[in-house]
Amino acid sequence: MNPSIKVFKFGGASIQDAAAFQNVGNILKKYQNDPLVIVVSAMGKTTNALERIVKAYMSEQEHKKDDPFKLLEEVKQHHYLVTSILFGEDHPVYALLNDTFVEIEWIIEDEPQDEYDYIYDQLVSIGEMAASRLLTAYLNHIKLSASWLDARDVIRTDDTFREGRVDWDMTTKQSQQKIPALLSKTNFVVTQGFIGGTQENFTTTLGREGSDFSAAILAYTLDADSMHIYKDVQGVLTGDPRLFKEVQKMDRLSYREAIEMTYYGAKVIHPKTIKPLENKNIPLHVKSFLQPDEPGTVITKIVDVDYPPVVVVEPNQVLLHISTRDFSFVTERHLGYLFQQFDKNRIKINMMQNMAISFTVCVTERSERLAKLLAELEIDFKLVVERGLELITIRHYDDKIVKSLSEGKVILFEEYIRGTMSMVVKNMSQTR
Ligand code: ASP
């Protein structure tokens, strides 16, 4: 329908300070005649800071460690500092930012009445609202014509707060109604990643790092020509450069390979991003915002070639050994119940194995949810919990890499399936 629309996504690191905004402006200058939908995350580490505000606000009075107003003040100060560098002391964007932050103040002035996940979404979404306001104003300031779009009027989700499930039909309808009309007035449309809206107009979020997914949703609904993610790395690498010295950038990847890698936890792209793009055959370019002219990695429908070993490390893993109280076998009937409990508490199983009298699963530590699940399971089952572990997954493994990555570690649980090796290990040092 709109073959020339491109969707660009800029993550938090690419807009962390005033210089970073200027860099994004320079990248976008080269596209000033192209219709672009620009999806932005919150600035720098704003989402983490907003999460701390939610925690402080929701914790009971006697356990309150932090003052949510003080924490909010820090977030505001950083935004105002960047604003003053970009625009000077007087600019209409200050009023827009004030209106954005006042929404947090209205909520935290009253005692918490609503559920944690609902409050989380109303507060944490403000990071993307503020960043998108700033970027739109900045692009116009440097004479690139841009409109601001409220993503909550386009991306419709259900009310699963913190993990909104997309209503694709409604989202497609709203996106096709609103975005081309805006693009006929300005070359660029800037909107927020990570957030959506329910039918009742409540804000939802799509899960941490969800801005990539937002961009893919918009690319899908607009039949975009391509999608481009700008990151602080050169493209998709064979491992996390903070953990491994020798990593390689991959020039091309298939959608399938990218789905597998992100499923196992590769942080470079949000796992839900690839499928919508694959369905419409939209190429995904992953590039560096510091070297935007370099080709990065292109993810398309290619026949898989020989990939080098790719390593994904997931910290904060927990092993749960679940057995019946009378030590009878764990049967399919038990498993049915157990899976329901994991699903109900929205805890994803990373690895599992059923043995005679125990069922072992590896999950990621998510404090509140896991505590709830454990309390429920403890009613009927005996639990042994091992914390502080790491899950290492190696795609396209060979003996050499398995040996080198397991050195000096206790392997508690391992699995080899169709070219993928996974192991849960203890006592890993931070640098290799
Ligand atoms: N700002 C959100 C986060 O930090 C979403 C994103 O950046 O993709 O998780």
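Just so you know, these numbers come straight off a predicted model, no measurement behind them. (Residues numbered from 1 in each chain as written. Predicted model: local features only at pLDDT ≥ 70, side-chain atom pairs only at ≥ 80, totals over all residues. Heavy atoms only, no water.)

(A) Molecular detail of the site of the ligand. For the ligand, the full set of nearby residues is Ser41, Ala42, Thr47, Glu128, Phe194, Arg208, Glu209, Gly210 and Ser211. Between Arg208 and the ligand, the recorded distance is 2.6 Å, taken from a side-chain N or O atom to an oxygen atom. Between Ser211 and the ligand, the recorded distance is 2.9 Å, taken from a backbone N or O atom to an oxygen atom. Its residues assigned to classes, the shell around the ligand comprises 2 nonpolar, 4 polar and 3 charged. (Near = heavy atom within 4 Å. Polar contact = N/O pair within 3.5 Å; in protein donor to acceptor, adjacent residues only side chain to side chain. Nonpolar A, V, L, I, M, F, W, Y, C, P; charged D, E, K, R; others polar.)

(B) Focus on unusual backbone geometry. Despite not being glycine, His396 has its phi angle at roughly 55°, a positive value. Structurally, His396 is set in the loop between β14 (381–395) and α13 (399–406). For His396, a relative accessible area of 23% puts it in the partly exposed group. With a phi angle near 35°, Arg418 is a residue other than glycine that sits in the positive phi range. Structurally, the position occupied by Arg418 is in the loop between β15 (410–417) and β16 (420–426). Note on Arg418: relative accessible area 82%, which makes it exposed. (Helix = DSSP H or I, 4+ residues; strand = E, 2+ residues; numbered from the N terminus. Buried < 20%, exposed > 50% of the residue type's maximum accessible area, 1.4 Å probe, protein only.)

(C) Main features of a negative patch on the surface. A cluster of acidic residues, Asp66, Asp67, Glu73 and Glu74, forms a negative patch on the protein surface. Among the secondary structure elements, Glu73 is positioned in helix α3 (residues 68–87). Among the residues examined, Glu73 registers a relative accessible area of 35% and is labelled partly exposed. (Patch = residues over 30% accessible without salt bridge, like charges linked within 9 Å, V, L, I, M, F, W, Y side chains within 5 Å. Areas by Shrake-Rupley, 256 points an atom, 1.4 Å probe, with all protein chains shown as cover. Salt bridge = Lys/Arg side-chain N within 4 Å of Asp/Glu carboxyl O. Lys, Arg positive; Asp, Glu negative; His and termini not counted. Charge placed at Lys NZ, Arg CZ, Asp CG, Glu CD.)

(D) Layout of the packing of aromatic side chains. Taken as a whole, this structure holds 15 aromatic pairs when the rule is applied. Arranged with centres 5.5 Å apart and planes meeting at 85°, the rings of Tyr118 and Phe202 form a pair that is edge-to-face. Taken as a pair, Tyr118 in helix α5 (residues 116–124) and Phe202 in the loop between β5 (195–197) and β6 (203–205) lie far apart in primary sequence, 84 residues in all. Among the residues examined, Phe202 registers a relative accessible area of 35% and is labelled partly exposed. A centroid spacing of 5.1 Å and a plane angle of 75° characterise the contact between Trp168 and Tyr220, whose relative ring orientation is edge-to-face. Within this pair, whereas Trp168 is found in helix α7 (residues 168–183), its partner Tyr220 is found in helix α8 (residues 211–221), the two being separated by 52 residues in sequence. In this structure Trp168 comes out as partly exposed when scored by relative accessible area, which is 28%. What makes Tyr220 partly exposed here is its relative accessible area of 22%. Here the basic side chain of Arg162 rests over the ring of Tyr120, its NZ or CZ set 3.9 Å away from the ring centre. Taking NZ or CZ as reference, Lys348 lies 4.5 Å from the ring centre of Tyr263, over its face. (Phe/Tyr/Trp six-rings, centres within 6.5 Å; stacked < 30°, edge-to-face > 60°. Lys NZ or Arg CZ within 6 Å of the ring centre and 35° of its normal.)

(E) Expanded view of the pattern of salt bridges. This model, assessed by the stated rule, comprises 20 salt bridges. Note that Asp293 and Lys30 form a salt bridge whose closest N and O atoms lie 3.5 Å from each other. Placement of the pair is Asp293 in the loop between β9 (284–288) and β10 (297–300) and Lys30 in the loop between α1 (18–29) and β2 (36–40), with a sequence separation of 263 residues. Among the residues examined, Lys30 registers a relative accessible area of 54% and is labelled exposed. Residues participating in the shared-partner salt-bridge network are Asp117, Arg162 and Glu368.

(F) View of empty space enclosed by the protein. Applying the stated rule across the entire model yields 1 cavity of 30 Å³ or more. Within this model, the largest cavity holds a volume of roughly 50 Å³. Along the walls of the largest cavity sit Tyr263, Tyr264, Gly265, Glu314, Lys348, Asn350 and Leu391, which together make up its complete lining. Partitioning the lining of the largest cavity into residue classes produces 3 nonpolar, 2 polar and 2 charged. (1 Å grid on protein atoms, 1.4 Å probe; cavity = no way out; pocket = protein on both sides within 12 Å on 5 of 7 lines; lining within 4 Å. Points joined across faces, edges and corners; volume = space filled by probe spheres on them.)

(G) Representation of the sheet that holds β16 in the model. The strand order across the open sheet built from 6 strands is β12-β13-β11-β14-β16-β15, with neighbouring strands paired in antiparallel fashion. Every other strand in the sheet has two partners, leaving β12 (349–354) and β15 as the edge strands with one partner each. Ignoring which end each strand starts from, the neighbouring axes of this sheet average 25° apart. As paired strands, β12 and strand β13 (residues 359–364) are joined by 5 bridges and run antiparallel to one another. Residue pairing for β13: Ile349 is matched across the bridge by Val363. (Pairing = 2+ DSSP bridges. Axes fitted to C-alpha atoms, helices over the stretch in contact; angles between N-to-C directions.)

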